[in-house]
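Listed below are the residues making up each chain.
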Amino acid sequence: MALGNPYRTDDGVGIALLRRLRVIRDASRATGEGTTCHASPVTRHEIELLEGVYDGLRLAEAIAGYEEVLVVDAAPWLPAGEVLRFDLGDLPARAGYLHGLGLRAALEALAMAGERVPTVEILAIGIPGDPPFGEGLSPAVEGALPVALEEAIRWLNE
Amino acid sequence: MKKLTIDPITRLEGHGRIFLILDDNGKLVDAFLQIPELKGFELFCRGRLAEEMPQITERICGVCPEAHHLASAKCLDACFGTEVPEPARLQRELFYNVYIFSDHLLHLIFLGGPDLLLGADAEKAKRNILGILEAYPEFGKKVVRVRAGAQKILERIGGKAIHPVFALPGGVAKPLSEEDRAFVEERSKAMVELAGDLIELFHEKILPDPSFQSYLLAEELGFPTHYMGLVDGNMAPNFYDGALRIVSADGHEIYHGPAADALSLIEEHVEPWTYVKFPYLKEYGWKGLVPGADSGVYRVGPLARLNVAERMATPMAQEEYERYLDFFGGKPVHAIFAYHWARLVELVQAAEVTLALVQEKTLTGVEVRGELGEPGEGVGVIEAARGTLFHHYRLTPEGLVEFANMIVATTHNAAGIGLSVKAMARHLAEDGVWDESLLNRIEMAFRAYDPCLACATHFFPGEMPLVVEIYGSDGELKVRIGR
């Protein structure tokens, strides 16, 4: 599940990763190999690649019913270009506020309501704060994509 | 293991900020709400293919992509001078009423709901969706289940789970199959049933609460402004389409006519302390950030829609509307906290309209695209859950976007929200003690509008943070509370 706005430069790094992953996944399905971008092949095929938004409950509703989910998102709280993968449980649980309930709290709520919720890991990619409108990524964030892509494929193949 | 420190306050551009200014005795002197606004989106749209706009604009807001998607499609209908065939119009309107239901439900129960159902003084850690599910387990489960069903409808018609792709200039991408229609009908019955349960809950648990009643009836929390919203031919609120009506603070009609023409009635005022522009009614002029019959300040959203309407479109909603008007002694209703009740009335109408639309025989008709004319200029107006949304584009002869402008609901309401924060702070600030509970009550005035600060941004932790800053008479920051 990639989050972000592809029309807001680095904010859309998660979507950019997902779209590249889609190409690799499709190529891997066809040939069992990676693609010319030298990424590793995706060996686990029962996956879905989704694009989404920030909101906790809507995000939780969209991923309810799956077994495992990797959420890929831009992280202005990380140095630009840094890639970090961690469990959702490492994020602070936050009280509900305005539109966002926090993914952790929202999943907990869905579980309380009897919904099947997935185990979630986060793949965060550091971006500079306040990205402007536009397409494409800054060099630092573009440079981090291969690392992040490998991490996503590692997760998929685990 | 690397320690994570995630502080949403580091993304200040995306924050709403409430400033409270105190005198030497700790009494409130003034209060402001600062709403962030990211610049440049309209510029970014220039040169894009017109047909891309419903997909591009829905990305500016993670909260109501459905509203931007359809406002944009309606704007393109106007730009291309096309007539939308009946099956496509019904499909869009069906989708849109499900969105209104789902969005209002989310706010009523899980976002604004904790303040109403658990009380403003409830333990901070419990004032959220989990607290609601603990306090009302069976009801909470039902809400989650029905909302999930509504989300599935949006996915089924919209073509994607989160960002819909179905609306195109002149109509929609494909006819609704009988299988999909039956899928929607089954879930819409549950929506209507839940709407009835919500009315019951509201009258049993929320309305009798003395604290809520005091907020509804307090004079200073019911300041007069003008109101704007779409109405159908019977003067009932219509979320998807209709004529625009503006009524004054004393209830007389200022405008009732084509929604697109209303843009000429509005001007925007700029203040040096906030990025947001304050729209006001040109006829009244900008008299400052003040309420009243002479001020140009107007409000949009559920409260406004019920003030501009003469009736509701469906029976159960009409019954609840009458109870609402009886309580306040007629229109216009100015109370900030009446937004919640008005939201409930609208939710009921949205559920009933959904069930009625899904039983329309022409809904599954196969003619779903009108013929496009030459590209030109147009305006699309829709009622987003939080209020009137305008999209205005001008296209080149090649069908590229030459000009794009959008006025979103929270921008219309910026002045009203600011006035509400100030009114609530004044209402509460008698003893000059600024604790967490008091600050939550001030935020309740803000939350009543279900404001969306999210356009063009998103926050991974899933929150839309608000910062409250309290300044002394010397201009020094005394307290800063961020969530």
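Thresholds applied
Throughout, a residue's number is its position along its own chain's written sequence, starting from 1. In the order they appear in the text, chains get letters beginning with A and ligands get numbers beginning with 1. For this predicted model, a pLDDT threshold of at least 70 governs which residues receive local features, and a threshold of 80 or more governs which side-chain atom pairs are given and counted, while totals over whole chains, interfaces and linings are taken from all residues. Heavy atoms throughout the structure, all of them, feed into the side-chain values; hydrogens and water do not. Segments assigned H or I by DSSP are reported as helices when at least four residues long, segments assigned E as strands when at least two residues long, and all are numbered from the N terminus. A simple rule labels every residue: compare its accessible area, found with a 1.4 Å probe on the protein chains alone, to the largest value its type can have, and call it buried under 20%, exposed over 50%, or partly exposed in between. Throughout, a contact is declared for two residues whenever any of their heavy atoms are within 4.5 Å. Values of accessible area rely on a 1.4 Å probe in the Shrake-Rupley scheme; residue burial ignores everything except the protein chains shown. Multiplying 1.5 Å by the helix residue count minus one yields the expected span of that helix. Here, strands pair whenever DSSP counts at least two bridges between them. Under the rule applied, a polar contact is a pair of N or O atoms within 3.5 Å (in protein, one hydrogen donor and one hydrogen acceptor; residues adjacent in sequence only if both atoms are side-chain atoms). Residue-level confidence of the predictor is what pLDDT reports, using numbers from 0 through 100. Geometry is summarised by axes, namely lines fitted to C-alpha atoms with helices restricted to the contacting stretch, and by angles between N-to-C directions that run from 0 to 180 degrees. Left-handed describes a crossing whose near helix is turned anticlockwise from the far helix through less than a right angle; right-handed describes the clockwise counterpart. Amino acids are sorted into nonpolar (Ala, Val, Leu, Ile, Met, Phe, Trp, Tyr, Cys and Pro), charged (Asp, Glu, Lys and Arg) and polar (every other residue, Gly among them). Take the buried Ala, Val, Leu, Ile, Met, Phe, Trp, Tyr and Cys residues and link them wherever side-chain atoms come within 4.5 Å; each set so joined is a nonpolar core. Put simply, a salt bridge is a Lys or Arg side-chain nitrogen that is within 4 Å of an Asp or Glu carboxyl oxygen.

**Section: the overall build of chain A**
- Regarding its fold elements, chain A presents 4 helices and 5 strands.
- Traced from its N-terminal end to its C-terminal end, chain A shows the element sequence β-α-β-α-β-β-α-β-α.
- Counting the 158 residues in chain A, one finds 58% classified as buried.
- Of all intrachain contacts in chain A linking residues separated by at least 6 positions in sequence, the fraction that spans at least 24 positions is 78%.
- Carbon and sulfur atoms provide 52% of the accessible area of chain A, an area that totals close to 6,000 Å².

**Section: helix H1 (residues 13-31) of chain A**
- Across its 19 residues, H1 of chain A extends 27 Å between first and last C-alpha, which sits within 8% of the 27 Å expected from 1.5 Å per residue.
- Packed against the buried residues of H1 of chain A are strand E1 (2-3), strand E2 (51-52), strand E3 (68-75), strand E5 (119-126) and helix H4 (139-157) of chain A.

**Overview of the pairing of strand E7 (residues 253-257) of chain B**
Residue and element names in this part refer to chain B.
- Here strand E6 (residues 243-247) runs beside E7; their pairing, made up of 4 bridges, is antiparallel. Counted as the bridge partner of valine 247 is glutamate 253 from E7.
- Linking E6 back to E7 in an antiparallel pair, the connection comprises 5 residues, with glycine 251 at a positive phi of about 95°.

**Considerations on the side chain of histidine 391 of chain B**
- By the secondary structure assignment, histidine 391 of chain B is in strand E12 (residues 387-395).
- In terms of polar contacts, histidine 391 of chain B uses its side chain to reach the side chain of histidine 68 of chain B, at 3.0 Å.

**Focus on the confidence of the model for chain A**
- When pLDDT is averaged along chain A, the result is 83; 85% of the residues meet or exceed 70.
- At the level of individual helices and strands, chain A shows its lowest average pLDDT in E2 of chain A, which scores 82, and its highest in H4 of chain A, which scores 95.

**With respect to the sheet that holds E12 of chain B**
All names here are of chain B.
- Spatially, E11-E12-E13 is the arrangement adopted by the 3 strands of the open sheet, whose pairing is antiparallel. What marks the edges here is a single partner per strand, and that holds for strand E11 (377-384) and strand E13 (401-407). Within this sheet the neighbouring strands show an average axis-to-axis angle of 15°, counted without direction.
- Sheet contacts for helix H3 (residues 65-79): E11, E12 and E13; angle to E11, the most-contacted strand, approximately 150°.

**Thoughts on the sheet that holds strand E10 (residues 298-299) of chain B**
All names here are of chain B.
- Read from one edge to the other, the open sheet built from 4 strands follows the order E7-E6-E5-E10, with strand pairing classed as mixed. Strands at the two margins of the open sheet, each flanked by one partner only, are E7 and E10.
- Sheet analysis places strand E5 (residues 226-231) next to E10, joined by 2 bridges and oriented parallel. Residue pairing for E10: histidine 226 is matched across the bridge by tyrosine 298.

**Thoughts on the packing of helix H7 (residues 137-158) of chain B against helix H8 (residues 178-206) of chain B**
All names here are of chain B.
- Two numbers describe how H7 lies on H8: the axes approach to 9 Å, and their chain directions differ by 145°. Crossing of H7 against H8: the hand is left-handed. Each of Phe139, Lys142, Val143, Val146, Gly149, Ala150, Lys152, Ile153, Arg156 and Ile157 in H7 lies in contact with H8, whose residues at this interface are Glu179, Asp180, Phe183, Val184, Arg187, Ala190, Met191, Glu193, Leu194, Asp197, Leu198 and Leu201.
- Its residues assigned to classes, the contact of H7 with H8 comprises 13 nonpolar, 1 polar and 8 charged.

**Overview of the nonpolar core**
All names here are of chain B.
- Residues Leu20, Tyr96, Phe101, Ile109, Tyr324 and Phe337 are the most contacted members of the largest nonpolar core, which totals 155 residues.
- If you tally residues by element for this core, the top one is helix H4 (residues 86-111), at 15 residues.
- Here phenylalanine 101 is in contact with Val146, Ala150, Met191, Leu194, Leu347, Ala350 and Ala351, once residues within four sequence places are set aside.

**Section: the pattern of salt bridges**
- Summed over all chains, the structure comprises 36 salt bridges over all chains.
- For glutamate 121 of chain A, the salt bridge is made with arginine 85 of chain A, and the minimal N-O distance between the two is 2.8 Å. Here glutamate 121 of chain A, found in strand E5, pairs with arginine 85 of chain A, found in strand E4 (residues 83-87); they are 36 residues apart in sequence, far enough to count as distant.
- In this structure arginine 85 of chain A comes out as partly exposed when scored by relative accessible area, which is 22%.
- Residues aspartate 241 of chain B and lysine 74 of chain B are paired through a salt bridge, measuring 2.9 Å at the closest nitrogen-oxygen approach. Pair noted here: aspartate 241 of chain B is in the loop between E5 and E6 and lysine 74 of chain B is in helix H3, with a separation of 167 residues, a long-range link.
- In this structure aspartate 241 of chain B comes out as partly exposed when scored by relative accessible area, which is 35%.
- Given the relative accessible area of 10%, lysine 74 of chain B is considered buried.
- By sharing partners, the salt bridges in this structure join Arg85, Glu121, Glu151, Arg154 and Glu158 of chain A into a single network.

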